[in-house]
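Each chain, letter by letter, is given below.
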Amino acid sequence: MSDKDELIRASINSVLILLIQRKCDYINYFNVNHEKHEHFMKLFPIFLEMSIFLQSIKSTFEKYNLDGIEYSLLSALMIVTTCNDNLKEYEKIINLRRLVGNSLKLYMYEKRK
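Everything in this summary refers to the structure shown in the same document.

Below, the discussion takes up the overall build of the protein. From N to C terminus, the protein includes five helices and zero strands. Secondary structure elements of the protein, listed N to C terminal, follow the sequence α-α-α-α-α. Compactness check: the protein gives a C-alpha radius of gyration of 17 Å against a globular reference of 13 Å for 113 residues, more than 25% above the reference. Projecting the C-alpha coordinates of the protein onto the three principal axes gives extents of approximately 45 × 40 × 20 Å. Counting the 113 residues in the protein, one finds 26% classified as buried. Within the protein, contacts between residues separated by at least 24 positions form 65% of all contacts whose residues are at least 6 apart in sequence. Here the protein displays about 8,100 Å² of accessible surface, and carbon together with sulfur accounts for 60% of that area. For the protein, the centre of its 16 positive side-chain charges and the centre of its 14 negative side-chain charges are spaced 4 Å apart.

What follows is the structure, given as structure tokens:
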């Protein structure tokens, strides 16, 4: 598996959760209508627990009032953040993580000063 594929595989759920909590009034991980969503919650109680947890994440993120650039940089940071040292270009990925993290930090600082 390529490094790119491994990074996407390892981060896809985190990025989806970040996107869902930003765009939805209620956490709809399966992207189904409200009736089916309620049915899944009853059928699989673990998803109800997950939904409650994700709602707390949404509340936390709302306090920061992040814009699209911040969400994009945060998503990129989630993708390149890994502890998998079996990647072929691990050092290059670590440097990319530093670059993205610093870009996010600088952007947030400049926006809020």
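Tracing the sequence through the fold places E6 in helix α1 (residues 3–23). Look at E6 and you get buried, because its relative accessible area is 14%. Non-local contacts of E6, meaning those with residues more than four positions away in its chain, are made with M1, N84 and L87.

For the coordinates displayed, the defined rule picks out seven salt bridges. Where E6 meets R9, a salt bridge forms, and the shortest distance between an N and an O atom there is 2.5 Å. One end of the pair, E6, and the other, R9, are both in helix α1, three residues apart, so they sit about a helical turn from each other. Its salt-bridge partner being K111, residue E70 comes within 2.8 Å of it at the nearest N-O pair.

On to the nonpolar core. Core analysis: the biggest nonpolar cluster contains eight residues, these being L18, F61, L66, Y71, L74, L77, V100 and L104. Elements represented by at least two residues in this core include exactly α4 (68–80) and α5 (90–112). At three residues, the largest contribution of residues to this core is made by α4. Setting aside chain neighbours within four positions, we find L66 in contact with F61, Y71, L74, M108, K111 and R112.

Okay, α1 next. Under the 1.5 Å per step criterion, the end-to-end length of α1 is 29 Å for 21 residues, consistent within 8% with the ideal 30 Å. Maximum bend of α1: about 50 degrees, positioned at S11. Residues of α1 that are buried: D3, E6, L7, S11, V15, L18, I20 and Q21.

Calculation criteria
Residues numbered from 1 in each chain as written. Predicted model: local features only at pLDDT ≥ 70, side-chain atom pairs only at ≥ 80, totals over all residues. Heavy atoms only, no water. Helix = DSSP H or I, 4+ residues; strand = E, 2+ residues; numbered from the N terminus. Rg over C-alpha atoms; globule rule 2.2 N^0.38 Å. Buried < 20%, exposed > 50% of the residue type's maximum accessible area, 1.4 Å probe, protein only. Contact = heavy atoms within 4.5 Å. Areas by Shrake-Rupley, 256 points an atom, 1.4 Å probe, with all protein chains shown as cover. Lys, Arg positive; Asp, Glu negative; His and termini not counted. Charge placed at Lys NZ, Arg CZ, Asp CG, Glu CD. Salt bridge = Lys/Arg side-chain N within 4 Å of Asp/Glu carboxyl O. Core = buried A, V, L, I, M, F, W, Y, C linked by side-chain atoms within 4.5 Å. Expected span 1.5 Å × (residues − 1). Bend = angle between axes of the 7 residues up to and from the residue.

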